[in-house]
Amino acid sequence: MNKNIKFHGNLKTNDMIIHWLPTNYCNYNCSYCITHAPIVNKNISFTDLSILKNCADKIFSINKDKYTFVFSGGEPTIYPYFIDLAEYLSKNKNTHIYLFSNGHKNKDYFSKLFSINNFNFNFSVHLEYANISHIKELIKLANTYNKYIMVSLMMNPDKKEKYELFFDELLEYRKYYYFGIDLAIIHNNEKIDKIYNKDEINWFNNSILKLKNVEEMFKYTSDIPDFFQDINTRYIFEDDKIIYLPHRVSIIENMKNFENYFCVQGINSMSINHNGDYKGSECSISPLIGNIYYDDIDYLKLIKPIKCSINDCNCRINNYSPKFKYQKECYNFTQINTPKIIPSFYLYNEVCNLKNQLNDLNNKMNKIIDSIVWFIPVKKLRDNFRSKFL
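The rules behind the values
- Numbering of residues starts from 1 in every chain and runs along the sequence as written.
- Note on the predicted model: pLDDT of at least 70 is required for a residue's local features to be given, and 80 or more for side-chain atom pairs to be given and counted; whole-chain, interface and lining totals, by contrast, use all residues.
- Calculation of side-chain values draws on the structure's entire complement of heavy atoms; hydrogens and water are dropped beforehand.
- Here a helix means four or more residues in a row that DSSP labels H or I, a strand means two or more in a row labelled E, and each is numbered from the N terminus.
- When accessible area is computed with a 1.4 Å probe and restricted to protein chains, residues below 20% of their type maximum are described as buried, those above 50% as exposed, and intermediate ones as partly exposed.
- Here the open area of atoms and residues is found with the Shrake-Rupley method and a 1.4 Å probe, where only the protein chains shown may cover a residue.
- For two strands to be treated as a pair, DSSP must find at least two bridges joining them.
- Here is the rule: rings of Phe, Tyr and Trp (six-membered ring for Trp) pair when centre to centre is within 6.5 Å. Planes less than 30 degrees apart are stacked, more than 60 are edge-to-face, and the remainder are tilted.
- Whether two residues are in contact is decided by their heavy atoms: any pair within 4.5 Å suffices.
- The convention used is that axes are lines fitted to C-alpha atoms, helices contributing only their stretch in contact, and that angles between N-to-C directions extend from 0 to 180 degrees.
- Oblique is the label for any angle not covered by the other classes, which are roughly parallel (under 35 degrees), roughly antiparallel (over 145) and roughly perpendicular (65 to 115).
- In this scheme the handedness of a crossing depends on how the near helix is turned from the far one: anticlockwise by less than a right angle means left-handed, clockwise means right-handed.
- A 1.4 Å probe that fits but cannot get out identifies a cavity on a 1 Å grid over protein atoms alone, an open set with protein on both sides within 12 Å along at least five of seven lines counts as a pocket, and a residue lines either if it has an atom within 4 Å of a point.
- Grid points are joined across faces, edges and corners, and a volume is the space filled by probe spheres set on the points.
- Residue polarity follows a fixed list, in which Ala, Val, Leu, Ile, Met, Phe, Trp, Tyr, Cys and Pro are nonpolar, Asp, Glu, Lys and Arg are charged, and the others, Gly among them, are polar.
- Counted as positive: Lys and Arg. Counted as negative: Asp and Glu, with His and the chain ends omitted from the count.
- Salt bridge criterion: a side-chain nitrogen from Lys or Arg within 4 Å of a carboxyl oxygen from Asp or Glu.
- Two N or O atoms form a polar contact when they lie within 3.5 Å of each other; inside protein one atom must be a possible hydrogen donor and the other a possible acceptor, and for residues adjacent in sequence the pair counts only when both atoms belong to side chains.
- As used here, the term nonpolar core means buried Ala, Val, Leu, Ile, Met, Phe, Trp, Tyr and Cys residues forming a set that is joined through side-chain atoms within 4.5 Å.
- The predictor attaches a confidence to each residue, and that confidence, scored 0 to 100, is pLDDT.
- Clockwise travel from the first strand over the helix to the second, with the strands pointing away from the viewer, marks a crossover as right-handed.

Focus: the overall build of the protein chain
In terms of helices and strands, the protein chain carries eleven helices and 15 strands. Split into buried and exposed, the 390 residues of the protein chain put 50% on the buried side. Summed over its atoms, the accessible surface of the protein chain is roughly 20,000 Å², and 51% of this surface lies on carbon and sulfur atoms.

So, in C-alpha cells, the structure goes:
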C-alpha cells in the first residue's frame, strides 16, 4: 500500500510540536525500553530551570499560533523543577503541554499538574511495575479536573495475561470515567509479526473494536486534546484520497515505510535532548543542528528537508512531519511556508551576515589584486588592471 501513498503527516504549519527530554534518567528499568534510559541515582545533576526557561523563550520566537510541548524521557517527572517549567510554559502564548510519564508520582503531585491550563497526560502503564489501583486513582483524579488523559497499556509479550486483564478492567472503568485507552505495541524496530503471534494480533484488533463500541456508548462530551487524536496520521494517496489512521493501526498495517520520501522535519516540529542538543524531529536520521540551551536557533537548518533512508517510521511524534513522495511537491511546500515561520530579526541578521561575508571577500580580493599589480611597472597600466576587477 505504501507505493500508492504520496504524502503522510500534518500540513498545518501554524502549529509547532516540541518533543523535549528534561532528563534522560528513569526510575524504571523496563526490559523492552528502546531508549535504554539510565537508572536515576543520588549523584546525578539536573539542568538549571533558568536555562530551560530561556530555551522556551527561544522557541516562542518561531512564528506560530500554537505551541505543543511533549515531554518524555527517561521519566520527565524526575526533573525536580518540572512543575515550575510547566507553569512557566502555560503562561506564554497559546501553549499546550503533554506529559508522557509512567505515573509513579502521587495524587498531590498530579493535582498540581492537572490545575495547569492546557495540561494533558499520557499514562504509560508498564506491567513490570504497574498498579491497577493507582492507575484508576489517577484517572478518577483527572476527571475531577475535567482533564482527558490517555492510558497507554504496554503490550509486553511476556505479560500477555496481565495486559489482557488490565485491558478488561480499564474497559469496564471507561464506562464510568472519561479517558483514552491506547494499546501500545512493543516493536523495538523489529517487524510486528516477529514479536506477536497471530492470536495476539487478533486480540489487538478485536480489542480495538471493543474499545470503539464502549466509546460510542459512553461518549466524551468535552474536546479531546489534538495530540491524542488521529488527525496527524494523515495519508494522501496517488488518487488524492485522504484517510486518517490510528497510530498503532498504521503500524500493524505496515504503513509507516517512508524510505526515499522527502521529509520537511522541522517546519512544524523540533526535538530537544536532555543536554540541549536539538534537531528537526525525533527521527534517528534527523541531523543534529546545535545546542538550544546555549546557542540561538538556526531556523534555516531546522526546516531543511531530508531524504528518508529508513523503512520503519514508528514514532508518534514524527506523525507531525510532512513527508512527500515527490521532491517537487516538497520543494513547493517549503518555499511557500518557510517565510511564514522565520522571525524578521533572524532574516535581518542573515542578510547582515551575508553582507559582512561579501565585504570580507572583497577585501581579500583587493589584497590579491594589489599583490599582482605590484609587478606592473607603469602606474597607468596598474590602474587599468585594477579597474577590471572593481
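So, next bit.
Concerning the sheet that holds strand E10 (residues 262–263)
A sheet is described by the order of its strands in space; here six strands give the open sequence E9-E8-E1-E15-E10-E14, paired in antiparallel fashion. Of all strands in the sheet, those with a lone pairing partner are strand E9 (242–244) and strand E14 (306–307), marking the two edges. In terms of strand pairing, strand E1 (residues 5–8) meets strand E15 (residues 323–324) through two bridges, oriented antiparallel. Along E15, the bridge assignment pairs His8 with Lys323.

Here we look at the packing of aromatic side chains
One pass over the full model with this rule turns up 25 aromatic pairs. Between Phe46 and Tyr79 the ring centres are 6.1 Å apart and the planes differ by 75°, which places this aromatic pair in the edge-to-face class. With Phe46 in the loop between strand E2 (15–20) and helix H1 (49–60) and Tyr79 in the loop between strand E3 (66–71) and helix H2 (82–90), this residue pair connects regions lying 33 residues apart in the sequence. For Phe46, a relative accessible area of 29% translates into the label partly exposed. Using a relative accessible area of 1% as the deciding quantity, one classes Tyr79 as buried. Where Phe110 meets Phe114, the ring centres are 5.9 Å apart and the plane angle is 35°; that geometry is what we call tilted.

Description of the sheet that holds E2
Taken in spatial order, the nine strands make up an open sheet running E7-E6-E5-E4-E3-E2-E11-E12-E13, and their pairing is mixed. At either end of the open sheet lies a strand with only one pairing partner, and these are strand E7 (180–184) and strand E13 (290–291). As paired strands, strand E6 (residues 149–154) and E7 are joined by five bridges and run parallel to one another. Paired with Met154 across the two strands is Ala184, which belongs to E7. Its contacts with the sheet place H2 against E2, E3 and strand E4 (95–101), and it is angled at close to 155° to E4.

Observations concerning the packing of H2 against helix H3 (residues 107–114)
A pair of packed helices is captured by two measures, namely the crossing angle of their axes and the spacing between those axes. Contact geometry for H2 and H3: axes closest at 10 Å, N-to-C directions at 15°. One finds that H2 runs roughly parallel with respect to H3. The crossing of H2 and H3 is left-handed. Residues Phe82, Ile83 and Ala86 of H2 lie in contact with H3, whose contacting residues are Tyr109, Lys112 and Leu113.

Digging into empty space enclosed by the protein
Going through the model one piece at a time under the given rule, you end up with two cavities of 30 Å³ or more. Roughly 110 Å³ of volume is contained in the largest cavity. Around the largest cavity, the lining residues are Phe258, Tyr261, Cys263, Ser281, Cys283, Ile285, Ile306, Cys308, Cys313, Asn318, Ser321 and Lys323. Of the residues belonging to the lining of the largest cavity, the class tally is eight nonpolar, three polar and one charged.

Here we look at the side chain of Lys58
For Lys58, the location among the structural elements is in helix H1. Here Lys58 occupies a buried position and makes no salt bridge, while the nearest side chain of opposite charge, Asp296, is found at 4.7 Å. A distance of 2.8 Å separates a polar atom in the side chain of Lys58 from the backbone oxygen of Asp295. Those residues in contact with Lys58 that lie beyond four places of it in its chain are Ile292, Tyr293, Tyr294, Asp295, Asp296, Ile297 and Tyr299.

Notes on unusual backbone geometry
Of note, the bond from Gly73 into Gly74 is cis; its omega dihedral lies within 30 degrees of zero at 15°. Here Gly74 is to be found in the loop between E3 and H2. Unusually for a residue other than glycine, Asn254 sits at a positive phi of about 55°. One can find Asn254 in the loop between helix H7 (247–252) and E10.

Thoughts on the pattern of salt bridges
Any two side chains of opposite charge can pair if their charged atoms end up close together. Tallied over the entire structure, the rule returns seven salt bridges. A salt bridge links Glu164 to Lys160, with the shortest nitrogen-to-oxygen separation between them at 2.6 Å. Placement of the pair is Glu164 and Lys160 together in helix H5 (residues 160–173), with a separation of four residues, close to one helical turn. With relative accessibility at 31%, the residue Lys160 sits in the partly exposed group.

Quick notes on the nonpolar core
In this structure, Leu113, Ile135, Met270 and Ile272 are the most contacted members of the largest nonpolar core, which totals 78 residues. The residues touching Ile272, leaving out its near neighbours within four places in the chain, are Ile18, His19, Trp20, Leu21, Cys55, Ile59, Asp277, Tyr278, Ile292 and Tyr293.

Notes on the confidence of the model for the protein chain
Of the residues in the protein chain, 84% reach a pLDDT of 70 or more, and the chain-wide mean stands at 86. Taking the mean pLDDT of every element in the protein chain, the minimum, 63, falls on helix H11 (residues 379–387) and the maximum, 97, on H3.

Remarks on the pairing of E6
For a regular strand, side chains alternate in direction, first toward one face of the sheet and then toward the other. Among the six residues of E6, six are classified as buried, and the element is accordingly described as predominantly covered. Residues of E6 alternate between two faces, with Ile149, Val151 and Leu153 on one and Met150, Ser152 and Met154 on the opposite face, all of them buried. Where strand E5 (residues 119–125) lies against E6, five bridges are found, and the strand directions are parallel. Bridged to Phe123 within E6 is Val151. Taking the sense of rotation as the criterion, the β-α-β connection linking E5, helix H4 (residues 132–144) and E6 turns out right-handed. Running through H5, the crossover from E6 to the neighbouring parallel element E7 is right-handed.

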